[in-house]
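Listed below, chain by chain, are the residues.
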Amino acid sequence: MALASFSAPSFSLHFSPRSPFPLSTSSLSSRRTARFPPSAPLSTPAIFASAHGNGAGGGRGAGGGGGGGGDDEAEDRNRNREEALLVLAQAGRPLENLQADLAAAIQSGRVPAAIVQRLFELEKSAVFRWLLNFGGFRERLLADDLFLTKVAIECGVGIFTKTAAELEKRKEKFSKELDFVCADVIMAIVADFMLVWLPAPTVSLRPPLAVSAGTIAKFFYGCPENAFQVALAGTSYTLIQRIGAIVRNGAKLFAVGTGASLIGTGVTNALINARKVVDKSFAAEAEDVPVISTSIAYGVYMAVSSNLRYQILAGIIEQRILEPLLHQQKLILSAICFAVRTGNTFLGSLLWVDYARWVGVQRSRD
């Protein structure tokens, strides 16, 4: 059983393959004893959570984290490099045959051996092998081999749950407010993919920043993709950097939500005008959806409500709770993720209707 030792001002957690909860053993030595055996199976979650006492912010040139704990972190990276190269040697895969960003991350010690083993498992599938050629998919699939399943869940159930939520909220007014329903569903479908993509935990494969990079760029470079994601051994995130992840994703989701709403409300207005031509009685009660105000309102909703809900869902509920408990039962894990994400999508639809009416971009029709 692998153990993790504590040393001030640093600590690390390791999920044992025989227990879903972190195990720890006190140690008076500052040297960490947690190791990942190169020959361990893929189902062993070789993910270590690292945190350090230094609360200073700022990005780090070569990795995905920041903060202090330099000696321990350097030791972790050296161990990562040795074990990852050993796994490559055992598989007969030269480092030069890997993608450039992945090879550089392994050489710098940012990628543990477990991630290399996951790469080999993913490459057995033709679909995953093709997706691994794209940097964004590569970072996310290496961190979570169920990432594609979660994308399918979110997009697949989105249209049904959002329509059901609209029906639940609007009840007998559903048909009268069908233009609003269309706008909401179209906006949701466009945004669903990004709601999975942006908050998804990643294995950072980004190259070092240029020396001339500004302070803001350096800070956000060191922030994780998900504020609550587990840090790999050799990487750490300060509290400020985790907050920065929420701010950065919020800004991105504001842009996504506003753009999706522009598309959705534009299509809805076109449908309203077409119905006015066919049904003269509808012209008296129908009105165009306000494009600009609705788009800005939806962008704010995505940046705040959706951002926080999906960060918590991906970083805490799935990665920190469900995956350690069910990492060897992928089918059960997928089913529970399906249920949780379906509930979250339905909740989001209910919240949007209330929010839209509260800010005045949608009015209830009698």
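What counts, and at which threshold
- Residues numbered from 1 in each chain as written.
- Predicted model: local features only at pLDDT ≥ 70, side-chain atom pairs only at ≥ 80, totals over all residues.
- Heavy atoms only, no water.
- Helix = DSSP H or I, 4+ residues; strand = E, 2+ residues; numbered from the N terminus.
- Expected span 1.5 Å × (residues − 1).
- Bend = angle between axes of the 7 residues up to and from the residue.
- Buried < 20%, exposed > 50% of the residue type's maximum accessible area, 1.4 Å probe, protein only.
- Core = buried A, V, L, I, M, F, W, Y, C linked by side-chain atoms within 4.5 Å.
- Domains from an automatic or database assignment.
- Contact = heavy atoms within 4.5 Å.
- Axes fitted to C-alpha atoms, helices over the stretch in contact; angles between N-to-C directions.
- Parallel < 35°, antiparallel > 145°, perpendicular 65-115°, else oblique.

Engineer: In this structure, what is going on with helix α6 (residues 147-170)? I would like to understand it.
Structural biologist: Between the first and last C-alpha of α6 there are 33 Å, a value that for 24 residues agrees with the 34 Å anticipated at 1.5 Å per step. The sharpest bend along α6 measures roughly 45 degrees and falls at G158. The complete set of buried residues in α6 reads F147, K150, V151, I153, E154, V157, G158, T161, K162, A165, E166 and R170. K171 sits one or two positions beyond α6 and adopts a positive phi of about 50 degrees.

Engineer: Please explain the environment of I189 as it appears in this structure.
Structural biologist: Along the chain, I189 falls in helix α7 (residues 178-197). Taking the relative accessible area as the measure of exposure, I189 reaches 43% and is therefore partly exposed. Put simply, I189 and G264 are 75 residues apart on the chain and 9.5 Å apart in space, counted from C-alpha to C-alpha.

Engineer: Which parts of the structure should I look at to understand the nonpolar core?
Structural biologist: Within soluble globular proteins, side chains that are nonpolar generally end up buried alongside one another. Grouped together as the largest cluster of nonpolar side chains are 48 residues, with contacts concentrated most on I106 and V111. Each of domain 1 (73-133) and domain 2 (145-359) gives at least three residues to this core. When residues no more than four places from it in sequence are discounted, the contact partners of V111 are N80, A84, L102, A105, I106, V116, V203 and L205. Grouped together as the second largest cluster of nonpolar side chains are five residues, L146, L322, L326 and C337 included.

Engineer: Explain the packing of helix α3 (residues 113-122) against helix α5 (residues 135-143) to me, please; I cannot follow it from the model alone.
Structural biologist: A pair of packed helices is captured by two measures, namely the crossing angle of their axes and the spacing between those axes. Orientation of α3 relative to α5, taken along the N-to-C sense of each, is 110 degrees, at an axis distance of 9 Å. When the interaxial angle is binned, α3 and α5 end up roughly perpendicular. Facing I115, R118, L119 and L122 of α3, the residues of α5 in contact are L141, L142 and A143.

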